[in-house]
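Chains, contacts and geometry: an overview
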Amino acid sequence: MNVSCLEKVVEYASMPLHGTLSRKLRKGLKIQINEGRIYEKAVLFLGSDFLRVTEKEEGMSVNTYYGWEEIVSIRTYSSEPEE
């Protein structure tokens, strides 16, 4: 999958974080990269060479970096609207 396509998926799953170049996941949406960890309340940064995922864990900020070329798949999860 090419970088442009991956960036579009991440942009769809998130929205700009006011005053920064980062993006936060849309409400009710989760994202999974390369069949790994599922991120729910994460902030994403789309760098030219990497994707950074930032989470809060036990009072600490944890950053995970993915090289665009190493990302094979991105999966999104969203809740179904009530009927």
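One structure accompanies this document, and this report is about it.

Now for the pairing of strand E5 (residues 43-46). Both strand E2 (residues 23-25) and E5 contribute to a ladder of 2 bridges, which runs antiparallel. Opposite Arg23, over in E5, you have Leu44 as the bridge partner. Bridge count between E5 and strand E6 (residues 50-57): 4 bridges; the pairing is antiparallel. If you follow Leu44 over to E6, its bridge partner there is Val53. Taking the residues between adjacent antiparallel strands as the criterion, E5 and E6 are bridged by 3 residues.

Reading across the sheet, the 3 strands line up as E4-E3-E8 and stay open at both edges, with antiparallel pairing between neighbours. Of all the strands in the sheet, the pair left with one neighbour each is strand E4 (38-39) and strand E8 (74-78). In the sheet, strand E3 (residues 29-33) pairs with E4 via 2 bridges, with the strands oriented antiparallel. For Gln32, the partnering residue across the bridge sits in E4 and is Ile38. Most of the contacts of helix H1 (residues 3-13) go to E8, to which it runs at about 15 degrees, and overall it touches E3 and E8.

Read across the open sheet, the 5 strands follow the order E1-E2-E5-E6-E7; overall the sheet is antiparallel. In this open sheet, the two strands that pair with only one neighbour each are strand E1 (14-16) and strand E7 (60-67). Taking the axes of each pair of neighbouring strands and ignoring which way they run, one obtains an average angle of 30 degrees across the sheet. With 8 bridges joining them, E6 and E7 adopt antiparallel strand pairing. The residue bridging Arg52 from the neighbouring strand is Tyr65, located in E7.

Cut-offs used in this document
Residues numbered from 1 in each chain as written. Predicted model: local features only at pLDDT ≥ 70, side-chain atom pairs only at ≥ 80, totals over all residues. Heavy atoms only, no water. Pairing = 2+ DSSP bridges. Helix = DSSP H or I, 4+ residues; strand = E, 2+ residues; numbered from the N terminus. Contact = heavy atoms within 4.5 Å. Axes fitted to C-alpha atoms, helices over the stretch in contact; angles between N-to-C directions.

All quantities given are derived from atomic positions and should not be read as evidence of function.
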